[in-house]
Amino acid sequence: MPSVPILTRCLAFSAALTIAGFGTTAWPMVRAISTGTQSINNAAWTSVDLDDTDVIDTDTMHNPASNPSRLTATTAGHYLITGTVTWENSVNASLRLRVLRNGAGSALATTHFQNAGSSGDEHTIQVACLVDATAADYFELQFFHQKGSAGSIGGVLPATAD
């Protein structure tokens, strides 16, 4: 089964996104990443930009130049969406990660991580969901924190798509 990453940020802090489709002869899939850092304001849902060259994109689902945070289903079908974000060191931060369809409405999946360890720890959270998508639906990974001030995600460890 192909792996479909949504967003994954690893190393010190990072983000990546994968999406894979099922039910078609050739499974469309994309794994988009970012190796740079991205500032995230306190208490504000922020779409994660995946602005590096894609690890894989079999169906032109990601355009890092024009819509770096979006993965767009170009073929209707069932999709497995997974995302991982690694956050900077901080004490007692509330972290959240979600997947949104078409930039609005209820989250398709949300993960919440409360009291994220002690200073010097890396914090990694993941989210996954299985969705029915029509052609042109787009998906974004969004990150939220309540650290008390702005913080950063950044630097991706690319994962392999199976």
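Placed above this text is the structure.
Fair warning: this is a prediction, and the values are worked out from it, not measured in the lab.

**Focus on the overall build of the protein chain**
1) Next: Secondary structure assignment for the protein chain yields 0 helices and 13 strands.
2) Next: Starting at the N terminus and walking to the C terminus, you meet the elements of the protein chain as β-β-β-β-β-β-β-β-β-β-β-β-β.
3) Next: A burial count over the protein chain gives 47% of its 162 residues as buried.
4) Next: Summarising the internal contacts of the protein chain: among those between residues at least 6 apart in sequence, 70% fall at separations of at least 24.
5) Next: Of the roughly 6900 Å² of accessible surface on the protein chain, 49% is carried by carbon and sulfur atoms.

**A few points about the environment of Gln142**
1) Next: Take Gln142: it is sitting in strand S12 (residues 138-145).
2) Next: In this structure Gln142 comes out as buried when scored by relative accessible area, which is 9%.
3) Next: In this view, Gln142 contacts Trp45, Thr46, Ser47, Arg96, Leu97, Arg98 and Leu100; residues no more than four positions away in its chain are not counted.
4) Next: A distance of 3.1 Å separates a polar atom in the side chain of Gln142 from a polar atom in the side chain of Ser47.

**What about the pairing of strand S10 (residues 104-113)?**
Every regular strand shows the same layout, with side chains that alternate between the two sheet faces.
1) Next: Judged from the 6 bridges that link them, strand S9 (residues 95-101) and S10 form a sheet pairing that is antiparallel. Bridging across to S10, Arg96 finds its partner in His112.
2) Next: Joining the antiparallel neighbours S9 and S10 is a turn of 2 residues, in which Asn102 adopts a positive phi near 55°.

Quick notes on the rules
Residues numbered from 1 in each chain as written. Predicted model: local features only at pLDDT ≥ 70, side-chain atom pairs only at ≥ 80, totals over all residues. Heavy atoms only, no water. Helix = DSSP H or I, 4+ residues; strand = E, 2+ residues; numbered from the N terminus. Buried < 20%, exposed > 50% of the residue type's maximum accessible area, 1.4 Å probe, protein only. Contact = heavy atoms within 4.5 Å. Areas by Shrake-Rupley, 256 points an atom, 1.4 Å probe, with all protein chains shown as cover. Polar contact = N/O pair within 3.5 Å; in protein donor to acceptor, adjacent residues only side chain to side chain. Pairing = 2+ DSSP bridges.

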